[in-house]
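Here is what each chain is made of, one letter per residue.
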Amino acid sequence: MAHGIWLRERSGRKEVWVVYKDEAGRKHREKVGLDSHEVRLAAKDLLVKRRNEAMNARLFPERMVLHTTFRQAAQRYWDLIGCNRDRSWRYRWEELMGEFGGLRLVALKPDIIQRWYNAKAAESKVGAGNANRTLTLLRAIFNRATDWDLYNGVNPVRKVLKL
């Protein structure tokens, strides 16, 4: 049996399992199936696949797909930084949470943000100033998410054209 593949006997049946470490060094165990020649071959293939995924994530962290939602990043931003701002920023933060809270950070593309910004600037009674300040907060949340390794890539707010 190859290193990382092991048999476990439960209720008189043998099960094939693979053991590997992910990119962060955390140990994972995954059941492949009941013991047979085909399952052992599948376990070898699975083990190679999981090890390659972990290696690629270590070598190319920018390629990792992160599942952080905007709500998680914005909440962390508010807890650590935003709580020191005045009340008007709380209103803007809540507005962003309502608009983008359920989306993953990687799903927020410049065109989505540009459409939201244009609508926000058009509805504002005082001009684009309110929309610009809210956009500034959105930019800050993305910058901190990048610093905290919650988001990989270029800040999508950088590509939004202000009025």
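Residues numbered from 1 in each chain as written. Predicted model: local features only at pLDDT ≥ 70, side-chain atom pairs only at ≥ 80, totals over all residues. Heavy atoms only, no water.

Trainee: When you look at the sheet that holds strand 3 (residues 27-34) in this model, what are you seeing that I'm missing?
Mentor: What links the strands of a sheet is backbone hydrogen bonding, and the strands pair in either a parallel or an antiparallel sense. A sheet is described by the order of its strands in space; here three strands give the open sequence 1-2-3, paired in antiparallel fashion. Each end of this open sheet is capped by a strand with a single partner; those strands are strand 1 (5-10) and strand 3. Neighbouring strand axes in the sheet, compared pairwise and without regard to direction, differ in orientation by 35° on average. Bridge analysis of strand 1 against strand 2 (residues 13-21) gives six bridges, and the strand direction is antiparallel. In the strand pairing of strand 2, W6 is matched with W17. This element, helix 1 (residues 37-59), spans strand 1, strand 2 and strand 3 of the sheet and lies at about 15° to strand 2. (Pairing = 2+ DSSP bridges. Helix = DSSP H or I, 4+ residues; strand = E, 2+ residues; numbered from the N terminus. Axes fitted to C-alpha atoms, helices over the stretch in contact; angles between N-to-C directions. Contact = heavy atoms within 4.5 Å.)

Trainee: Just checking my understanding: could you explain the side chain of E15 for this structure?
Mentor: Inspection of the secondary structure assignment puts E15 in strand 2. Judged by relative accessible area, which is 5%, E15 ranks as buried. A polar side-chain atom of E15 sits 3.1 Å from a polar atom in the side chain of W17. Separated by 3.2 Å, the side chains of E15 and K31 make a polar contact. When sequence neighbours within four positions are dropped, the list of residues in contact with E15 reads W6, L7, R8, R10, K31, G33, L34 and D35. (Buried < 20%, exposed > 50% of the residue type's maximum accessible area, 1.4 Å probe, protein only. Polar contact = N/O pair within 3.5 Å; in protein donor to acceptor, adjacent residues only side chain to side chain.)

Trainee: Looking at this structure, I do not really get the pattern of salt bridges. What am I missing?
Mentor: According to the stated counting rule, one finds ten salt bridges in the structure shown. Between E15 and K31 there is a salt bridge, with its nearest N and O atoms 3.2 Å apart. In this pair, E15 sits in strand 2 while K31 sits in strand 3, placing the two residues 16 residues apart along the sequence. Residue R90 pairs with E94 through a salt bridge whose shortest N-O separation is 3.1 Å. Taken together, the residues R90 and E94, both in helix 3 (residues 87-100) and four residues apart, mark about one turn of the helix. Overall, R90 belongs to the partly exposed group, its relative accessible area being 34%. Each member of the salt-bridge network shares a partner with another, and the members are R10, E15 and K31. (Salt bridge = Lys/Arg side-chain N within 4 Å of Asp/Glu carboxyl O.)

Trainee: Looking at this model, I keep getting lost on the environment of H3. Mind explaining?
Mentor: As for its placement among the helices and strands, H3 is situated in the segment before strand 1. Taking the C-alpha atoms as reference, H3 lies 38 Å from Q72; in sequence the two are 69 residues apart. Ignoring anything within four residues of it in the chain, the contact list for H3 reads L47 and R51.

Trainee: Sorry, what's going on with the packing of helix 3 against helix 4 (residues 110-123) here?
Mentor: When two helices pack together, their arrangement is given by the angle between the helix axes and the distance between those axes. One way to put it is that helix 3 packs onto helix 4 with a least axis distance of 13 Å and a crossing angle of 130°. In terms of axis orientation, helix 3 runs oblique to helix 4. You can see that helix 3 and helix 4 cross each other, and the crossing is right-handed. For the pair helix 3 and helix 4, the contacting residues are Y91, E95, L96, E99 and F100 in the first and I112, W116 and K120 in the second. Tallied by class, residues from the contact of helix 3 with helix 4 come to five nonpolar, no polar and three charged. (Parallel < 35°, antiparallel > 145°, perpendicular 65-115°, else oblique. Left-handed = near helix turned anticlockwise from the far one by under 90°. Nonpolar A, V, L, I, M, F, W, Y, C, P; charged D, E, K, R; others polar.)

Trainee: Looking at this model, I keep getting lost on unusual backbone geometry. Mind explaining?
Mentor: Most peptide bonds take the trans configuration, and most residues that are not glycine carry a negative phi. In the Ramachandran plot, S11 falls in the positive-phi region, its phi being about 55° despite a non-glycine side chain. Positionally, S11 belongs in the loop between strand 1 and strand 2. Looking at S11, the relative accessible area reads 77%, which means it is exposed. A positive phi angle, close to 60°, is found at D149, a residue other than glycine. As for its position among the elements, D149 is in the segment after helix 5 (129-147).

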